[in-house]
Amino acid sequence: MTKTPSFLLAGALLCAPALAQTGPHAWPEPADVTRTIGELSAHEGVERIWLGTTGAGHDLEALRFGPDGRASNHPAILVVGNVTGDRLAGTAVALGIAAELASGSDAATALLDAATVYVIPSANPDAAALRFATPLEHTVETGDDRDTDRDGLSGEDGPADVNGDGLVTWMRVPDPAGTYIADPHDPRLNVEADATRGERGMWRLVREGFDADGDGTIAEDRARDAQVNKNFPAGYTAHTAAGGIYGGSERTTRALMDFALLHPELALVLTLDAQDTLVSTPKPGQGSSGRVPTGKVMSGDAKLLEALGRHFGEHVENAPKADSLVAGSFQRWLYEQRGVLTLDSALWDLPKGAPEPDEEEAEEVLEEASEKVMDELAELGYVEFEKAEVDMLGELGYVDDTADEEMVVEEVEADKPWRKPGDAHEQLEWVDASGESWRFVDWQSFDHPTLGLVEIGGWAPYAEVEPPADALPGLIEGHFAFLASLGELLPRVEIASFEATHLGKDLWRIEARIENPALLPVVTDAASRARTSTRARVDLYLPEGASLIVGHPVGFVNRLNGLGRTGSDGELEWLVTTTDIDAVRLGVTTRNAGAAEAAITRTEDR
Amino acid sequence: MKSLLSFALLLGGLAPATLAVQDPSGVMIPTGDSNEGFNGLGAMRAPKVEMPWNRLVDMQELYARMDQLIEAYPGFMSYEVIGTSVEGRELRVYTLTAPGELGADAKPAMWIDGNIHGNEVQGGEAVVYTAWYLLENYKHNARATDLLDRAAFYLLPSINPDGRDSWFHEAHTASSSRTGVMPVDSDRDGLFDEDGPEDLDGDGSITSMRKYMPGEGNYELDADDPRIMVRVGAGEVGDWVLLGREGYDNDGDGRSGEDGVGGYDMNRSWEGTWMPEHVQFGAGAYPFYWPETRAISEFFLSHPNIAGVQSFHNSGGMILRGPGAEEYGSYPRADLRVYDTLGEEGEKMLPFYRYMIIWRDLYSVFGGQVNWTYEGLGIISFTNELWTSERMSPDGRLGNSTADRHWADDNLMLGAGFVDWHSFDHPEYGEVEIGGFRKDVGRVPPTFLIEEMLHRNAMFCILHAEAMPSVEFLRTRSSALPGGLTAFDVTLANPRKIPTRTALAAQKGIGVPDRLTIDGVEVLAAGYLTDPLRPERLQLVDGDPASIPMERGVPGQGEVTVRFILAEKGTATLTYSGEKFVDQTHEVEVD
């Protein structure tokens, strides 16, 4: 067991009033996020930043951590929670990280020495707010409404809670033309019938809803369609419902982009959302080095991500794999068009298979189970069994209420060896074993007003993306530790040498070498391609009366690759006449790797 | 009607100054002696509002001209400020339509703008000219009258008022001030707009610098005309070098004029094959990044009645259509027919102009304005590049060589367009010479050719506007079906060139489909009657048969027939509604 970090107390408090509808979670509502941001910003060295108003009128806010008055080109890391909108755990982890950053702990102080950290805990508050709606529907669509079914009406027939259980789930609609049957491994799951093996579909699987517009199709034209994290103009596809009316048409999208544009000092972005560049590090694909970005990571950047992914693995266990550089996403826009490496963590996905309990725990469970069975039997008026007898009954299979099902499954397996249990089957096993029964709604018959008898049930809203509440402390701790480890990797500019050699009379040859001793480059491959303004500017300051014979007072270093890569071009030289060589100074400034100044040193006269 | 006509003719000789005949539609047509209506016939005509069409003017005067029209023609035109430019100048969209029961929103509208590139100024005048010409001819010309009655115009004289005013009031070349004025770090040195060109000699123009370097140069002066620089051949040495535009190195980086005001291209920032800045210069950080373009995009999205788009640029004599980029693929064939018809007519109206495809015949443009208005919004859209130097010598006796350009300037403008080379002591290069053609030579016409350019382009806009869709109930027909049912066939026609729904709009599901509704009779089924001789092939529609969404609308210069199968006879009220035409209602007895 890891020690619970102190900041979690704050996190738990802020989450307390916001009990979600289904799971045992306590996710922060938009108002909680706003309040917590307010509270944290009261700490020294914490600043509250307003990014804009979302389409639904929520405030989009960030926190800045770092000493006041620090130069704006000090390297910075941006932490972003829940861009997609259904990843409230991302917000909870981001707030946990923010609380730790405000705590003044040694780890926080060390990180904030190296980097300014911005945190946008809830990047998509409009979608996050829908997590607390009644009825509850798993929703990431919050933006521009489209007439999806082209009937001239918009949003007239969206998903709905038909059976009044407070949840929008799924419907099995009996239909001879349907393609689904029950999964023989677990009849709660749906699988497509394989006609080539003699199976016949029995139902259609549709979103729970009415046919509100009477066109014979269920829930085909929802009230809102555009998704924030498909609306960024990177790999954007026009004329899709999810993408919105044009790239960047959503207010949230633009506010997030504007924030990134205002902060060229961002050297890294850590997203706590639905994508992953840290577990399954993206590989540079064909065309990744072309002029037009294609959704592939460039080869030099891929090596850096691989290294950062190894760091991540040291701090965060069991992080799931997920897609990266998804079309239309903030993550892809940041990387391809701002040239910022995005470190994406998908936080959690549904585990597969029942966890194997350790022996001690297993005994406890058995003990409890035996007692429970005895109590039940007693309640039913049976004679009181000795505990040993109950155990024996268990061994014989009498009190194992899953025995019948297992038998059926075995038969199926014998009958249809070609049909293997799928991921969902193993995920349900985990749900059953973990006691998180809210995640799956058992199918219930319901007399649908237009469809007749249907079954309603299936995966509950958010069941597949929300970690159990007890996973949160570990997620916060691991991700904070990873974040803290990034400080020393950030690019920083240094003047390795700045020397003058006397050539005769008042003539001096001046040479300078600029370096970046960190792992990460000042300019990533993607930034180099996107020509974002991140190259280092070198200013030579001459005393009065001095003349520049060769060179310019302003120069640039295009590549300062750091340790992660070779091939920097940080060497510059000038010829100067002056009678006061000791007064010559050099300044180097960058947009995301700080600045450096140096006084000149003399070499031996030639 | 006939007796009224002869009466008017009779009186015509008695009161020549004010009389006109009335045509059957109520339009007053001036008689031979009347000078009302400035209709393109020159004899004794005088417009109500005299405007000098031989000048190009700044924002203030451009708007003042529009305001003058508002005042002279009450009820026809108004404007709204849809946003402001970077420097706070108003972006005024003028709405022009004849007063009446229907507001502009209920009519198909033609959008016309100019001057998205600040230096391409004459588009602004072309917008004003179009409004002026239509107003002057309303009630004097049947086509102008019909157009303003059934359609509206949204007119934005300049998309880039900052760039326009800078071009007029500050020193520039013919090509500078193309950008807007939001500061951009063009040379990526951390400073913004710190090193633009300078009017070193203070003559109001940015021209060129040359330096005499005997035996070290790569240019010679033309033997006949020392104003002309001639590049020496390979292996030869000249006595002159060209040093580029007037200016010096303000920021100490060894380069001159590399980071001037702005430094972007508002015609690359629109959705529709938008590409990031490093792929497409000037695009901005995301679509509609520049505030002027954002304001316009919002206007378009809130005005789905816009059914035609014309954008005016300079120069080169082109009628351009998309795609801007080869990557887009091609446009649907049905829409290409509309484009080709208008484009080819336009070529005849605009001598020396060529109807061209942007990416194929000019160059690739990602994120172009008219690409968005068609590819994103499904509106037939053109860009005209106003002015081509061939107009200086239409019969081709003068070519486009520098010597010929000097000849034209010397003889047709008494040398007004050229700043003769003169000596200047440059802080970096020492003694140089400064000189060259002024900013208003090359991309804008000389005064005496401005009006022709404006008129021909305005006529092209009117041609396009007249092509915007209108719908009529062409005929209805009923016939008996077995079982006491009635087949009721309704034929809709669109006599204009542009369909009520472009093929692209239908294909991509842009906007709202048209809708045909029938009230007053019970409808049991409905479908499209594609072959009147084979009614059993009716293409049945799903959903409510009395209210049919019609994604493909009514084709241009075509018809569509819908058959309703009715349970009963009676009085039917038919309504056809849509975004880009005047909705029509028709009451008919089904018997």
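Given the structure is predicted, the values throughout are model-derived calculations rather than measurements.

**Side note on the overall build of chain A**
- Counting secondary structure elements, chain A contains 14 helices and 21 strands.
- The buried share among the 606 residues of chain A stands at 51%.
- Residue pairs at least 24 apart in sequence account for 73% of intrachain contacts in chain A once pairs closer than 6 positions are excluded.

**Focus on the overall build of chain B**
- When its secondary structure is counted, chain B shows 12 helices and 25 strands.
- Summarising its shape, the C-alpha atoms of chain B cover approximately 105 × 65 × 45 Å along the three principal directions.
- A total of 591 residues make up chain B; the buried ones form 56% of that total.
- Taking the intrachain contacts of chain B between residues at least 6 apart in sequence as the baseline, contacts between residues at least 24 apart amount to 71%.
- About 24,200 Å² of surface is accessible on chain B, with carbon and sulfur atoms providing 52% of the total.
- When the 48 positive and 91 negative side-chain charges of chain B are each reduced to one mean point, those points stand 9 Å apart.

**What to know about the interface of chain A and chain B**
- Facing 35 residues of chain A, the contacting portion of chain B comprises 35 residues.
- Taken as a group, Arg150, His239 and Tyr246 of chain A account for 24% of the area that chain A buries against chain B, more than any other trio of residues on that side.
- At the junction of chain A and chain B, the tally comes to two salt bridges.
- The partner of aspartate 189 of chain B in a salt bridge is arginine 537 of chain A, with the nearest N and O atoms 3.7 Å apart.

**Here's the deal with the nonpolar core**
- Residues Phe65, Leu101, Leu268, Leu308, Leu343, Leu483 and Leu486 of chain A are the most contacted members of the largest nonpolar core, which totals 75 residues.
- In terms of residues, this core owes the most to one element, helix H3 (residues 88-102) of chain A, which gives 11 residues.
- If you look at the next biggest cluster of nonpolar residues, it comprises 73 residues, including Ala98, Leu336, Met392 and Ala458 of chain B.

**As for the pattern of salt bridges**
Residues and elements named next belong to chain B.
- Taken as a whole and judged by the stated rule, the model has 52 salt bridges over all chains.
- Arginine 164 is the partner of glutamate 125 in a salt bridge, and the nearest nitrogen-oxygen pair spans 2.9 Å. One end of the pair, glutamate 125, is in helix H3 (residues 122-137); the other, arginine 164, is in helix H5 (residues 161-169), and 39 residues separate them in sequence.
- The salt bridge partner of arginine 391 is glutamate 452, with a shortest N-O separation of 2.9 Å. Within this pair, whereas arginine 391 is found in the loop between strand S14 (381-386) and helix H10 (402-412), its partner glutamate 452 is found in helix H11 (residues 447-466), the two being separated by 61 residues in sequence.
- With relative accessibility at 18%, the residue arginine 391 sits in the buried group.
- Among the ionic contacts, a cluster of salt bridges with common partners joins Glu120, Arg178, Asp265, Arg268 and Arg443.

**Considerations on the side chain of aspartate 249 of chain B**
All names here are of chain B.
- By the element assignment, aspartate 249 lies in the loop between strand S10 (238-245) and helix H6 (291-301).
- A polar contact is formed between the side chain of aspartate 249 and the backbone nitrogen of glycine 252, at a distance of 3.0 Å.
- Among the polar contacts made by the side chain of aspartate 249, one reaches the main-chain amide nitrogen of glycine 254 at a distance of 2.8 Å.
- Residues within four places of aspartate 249 in sequence aside, it is in contact with Asp195, Gly254, Arg255, Ser256 and Glu428.

**Remarks on the sheet that holds strand S16 (residues 547-550) of chain A**
Residue and element names in this part refer to chain A.
- Strand order in the open sheet formed by five strands is S16-S18-S14-S13-S21, with mixed pairing between adjacent strands. One side of each edge strand has no neighbouring strand; the edge strands of this open sheet are S16 and strand S21 (601-602).
- Taken together, the three bridges between S16 and strand S18 (residues 571-577) define a ladder with antiparallel strand orientation. Of the residues in S18, the one forming a bridge with serine 547 is threonine 577.

**Section: the side chain of histidine 313 of chain B**
All names here are of chain B.
- On the secondary structure map, histidine 313 appears in strand S11 (residues 306-314).
- Within the structure, the side chain of histidine 313 is placed 3.3 Å from the side chain of glutamate 120, a separation counted as a polar contact.
- The residues touching histidine 313, leaving out its near neighbours within four places in the chain, are Ile116, His117, Glu120, Asn267, Thr383, Asn384, Glu385 and Leu386.

**A short note on the sheet that holds strand S22 (residues 547-550) of chain B**
Residue and element names in this part refer to chain B.
- In space, the four strands of this open sheet follow the order S22-S19-S24-S25, with antiparallel pairing throughout. Strands at the two margins of the open sheet, each flanked by one partner only, are S22 and strand S25 (584-590). Strand-to-strand twist in this sheet, taken as the mean axis angle between neighbours without regard to direction, amounts to 15°.
- In this structure, strand S19 (residues 514-519) lies alongside S22, joined through four bridges in antiparallel fashion.

**Notes on helix H4 (residues 106-114) of chain A**
Residues and elements named next belong to chain A.
- By the burial criterion, the buried members of H4 are Ala108, Leu111 and Leu112. One face of H4 carries all of its buried residues, which in axial projection span an arc of 95°. Of the exposed residues in H4, the ones pointing more than 90 degrees away from its buried face are Asp106 and Asp113.

**Description of the packing of aromatic side chains**
Residue and element names in this part refer to chain B.
- Inspection of every chain in the model, using the stated rule, returns 38 aromatic pairs over all chains.
- Measuring from centroid to centroid gives 3.6 Å for tyrosine 264 and tryptophan 290, while their planes differ by 15°, and the two rings are stacked. Taken together, the residues span a long stretch of sequence, with tyrosine 264 in the loop between S10 and H6 and tryptophan 290 in the loop between S10 and H6 at a distance of 26 residues. The two residues tyrosine 264 and tryptophan 290 agree in class, both being buried.

**Things to note about the environment of leucine 221 of chain B**
Residues and elements named next belong to chain B.
- Relative to the elements of secondary structure, leucine 221 occurs in strand S8 (residues 219-221).
- By relative accessible area, which is 26% here, leucine 221 ends up partly exposed.
- For leucine 221, the residues in contact, after removing those within four places along its chain, are Arg210, Pro226, Ile228, Met229 and Trp240.

**Details of the packing of H3 of chain B against helix H4 (residues 142-150) of chain B**
All names here are of chain B.
- With their axes 8 Å apart at the nearest point, H3 and H4 run at an angle of 110° to one another. Considered as vectors, H3 and H4 are oriented roughly perpendicular to each other. Counted together, Leu134, Leu135 and Asn137 of H3 and Ala144, Thr145, Leu147 and Leu148 of H4 form the full contact between these two elements.
- Taken together, the residues of the contact of H3 with H4 break down into five nonpolar, two polar and no charged.

**Some details on the confidence of the model for chain B**
Residues and elements named next belong to chain B.
- Per-residue pLDDT for chain B averages 94, and the proportion of residues at 70 or more is 94%.
- Low pLDDT, under 50, characterises residues 1-18; the predicted model gives this stretch 15 contacts beyond four residues in sequence or across chains.
- Reported for the predicted complex are a pTM of 0.91 and an ipTM of 0.93.

**A word on helix H2 (residues 30-40) of chain A**
- Along H2 of chain A, the positions that sit buried rather than exposed are Pro30, Asp32, Val33, Thr36, Ile37 and Leu40 of chain A. Looking straight down H2 of chain A, one finds that the buried residues subtend no more than 155° of arc, so they occupy a single side.

**Quick notes on unusual backbone geometry**
All names here are of chain B.
- Residue serine 315 is bonded to the preceding asparagine 314 through a cis peptide linkage, with omega at -5°.
- Of note, the bond from glycine 322 into proline 323 is cis; its omega dihedral lies within 30 degrees of zero at 0°.
- Tracing the backbone shows proline 323 in the loop between strand S12 (318-321) and helix H7 (333-349).
- Its identity is not glycine, yet lysine 139 carries a phi of approximately 70°, on the positive side.
- With respect to the secondary-structure elements, lysine 139 resides in the loop between H3 and H4.
- If you check the backbone angles, tryptophan 387 has positive phi at about 80° while not being a glycine.
- Within the element layout of this structure, tryptophan 387 appears in the loop between S14 and H10.
- The class of tryptophan 387 is buried, set by a relative accessible area of 5%.

**Regarding the pairing of strand S5 (residues 170-174) of chain A**
Residue and element names in this part refer to chain A.
- Here five bridges tie S5 to strand S8 (residues 203-207), and the two strands are oriented antiparallel to one another. Its bridge partner lying in S8, arginine 172 is registered against leucine 205.
- Sheet topology places S5 next to strand S12 (residues 452-459); three bridges connect them, and they run antiparallel. Its bridge partner being in S12, tryptophan 170 is matched across the sheet by glycine 457.

**Section: the pairing of strand S15 (residues 418-426) of chain B**
Residues and elements named next belong to chain B.
- With seven bridges joining them, S15 and strand S16 (residues 430-437) adopt antiparallel strand pairing. Counted as the bridge partner of aspartate 425 is glutamate 431 from S16.
- The turn joining S15 and S16, which pair antiparallel and follow one another in sequence, is formed by three residues.

Each value, and the rule that gives it
Residues numbered from 1 in each chain as written. Chains lettered and ligands numbered in written order. Predicted model: local features only at pLDDT ≥ 70, side-chain atom pairs only at ≥ 80, totals over all residues. Heavy atoms only, no water. Helix = DSSP H or I, 4+ residues; strand = E, 2+ residues; numbered from the N terminus. Buried < 20%, exposed > 50% of the residue type's maximum accessible area, 1.4 Å probe, protein only. Contact = heavy atoms within 4.5 Å. Areas by Shrake-Rupley, 256 points an atom, 1.4 Å probe, with all protein chains shown as cover. Lys, Arg positive; Asp, Glu negative; His and termini not counted. Charge placed at Lys NZ, Arg CZ, Asp CG, Glu CD. Buried area = accessible area lost by both parts, 1.4 Å probe. Salt bridge = Lys/Arg side-chain N within 4 Å of Asp/Glu carboxyl O. Core = buried A, V, L, I, M, F, W, Y, C linked by side-chain atoms within 4.5 Å. Polar contact = N/O pair within 3.5 Å; in protein donor to acceptor, adjacent residues only side chain to side chain. Pairing = 2+ DSSP bridges. Axes fitted to C-alpha atoms, helices over the stretch in contact; angles between N-to-C directions. Arc of directions from axis to C-beta. Phe/Tyr/Trp six-rings, centres within 6.5 Å; stacked < 30°, edge-to-face > 60°. Parallel < 35°, antiparallel > 145°, perpendicular 65-115°, else oblique. Nonpolar A, V, L, I, M, F, W, Y, C, P; charged D, E, K, R; others polar. pLDDT = per-residue confidence, 0-100.

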